[in-house]
Amino acid sequence: SKLTKVLRRRAGAAKSCYERELKKNRKISGKVVAQLVINERGRTESCKVLKHIAAAPAVGKCICQKAKSWRFPKPDGGKVIVPVPYIFSPQG
């Protein structure tokens, strides 16, 4: 979907959040799930972290902060809620 394309393009931004924390702690890895609410205009209305990397909650917070400025194609039928999973590991 068009939405997925935007998220794929933004994966680097999410990865930079992880890499920043990785500098402080080389052992962190795991899954972050950010839930975006995208409004009728294709703007991120809100973002909530559903799943954190326990040792590095800052990764999820950083992703949500960045996601607030992302623009999406206008969703069909109004507002959509999209959970976005990211898997992070040091070598990845």
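What you see is a predicted model; the values in this text were computed from it and never measured. (Residues numbered from 1 in each chain as written. Predicted model: local features only at pLDDT ≥ 70, side-chain atom pairs only at ≥ 80, totals over all residues. Heavy atoms only, no water.)

## Overview of the environment of Thr4
Link 1 in the chain: Structurally, Thr4 can be placed in helix 1 (residues 2-9).
Link 2 in the chain: Residue classification places Thr4 among the partly exposed positions, given a relative accessible area of 34%. (Helix = DSSP H or I, 4+ residues; strand = E, 2+ residues; numbered from the N terminus. Buried < 20%, exposed > 50% of the residue type's maximum accessible area, 1.4 Å probe, protein only.)

## Some points on the nonpolar core
Soluble, globular proteins show a tendency: their nonpolar side chains are buried together.
Link 1 in the chain: Leu36, Val59, Ile63, Phe72 and Phe88 are the most contacted members of the largest nonpolar core, which has 26 residues in total.
Link 2 in the chain: Mapped onto this core, the elements with two or more residues apiece are helix 1, helix 2 (11-22), strand 1 (30-38), helix 3 (57-67) and strand 3 (80-88).
Link 3 in the chain: At 5 residues, the largest contribution of residues to this core is made by helix 3. (Core = buried A, V, L, I, M, F, W, Y, C linked by side-chain atoms within 4.5 Å.)

## Observations concerning the state of the cysteines
Link 1 in the chain: Applying the stated criterion across every chain yields a total of 2 disulfides.
Link 2 in the chain: Here Cys17 engages in a disulfide with Cys62; their sulfurs sit 2.0 Å apart. Looking down the S-S bond of the Cys17 and Cys62 bridge, the torsion is -70 degrees, so its handedness is left-handed. Taken as a pair, Cys17 in helix 2 and Cys62 in helix 3 lie far apart in primary sequence, 45 residues in all.
Link 3 in the chain: What makes Cys62 buried here is its relative accessible area of 5%.
Link 4 in the chain: Here the protein chain pairs its bonded cysteines, counted in sequence order, in the arrangement 1-3, 2-4. (Disulfide = S-S within 2.5 Å.)

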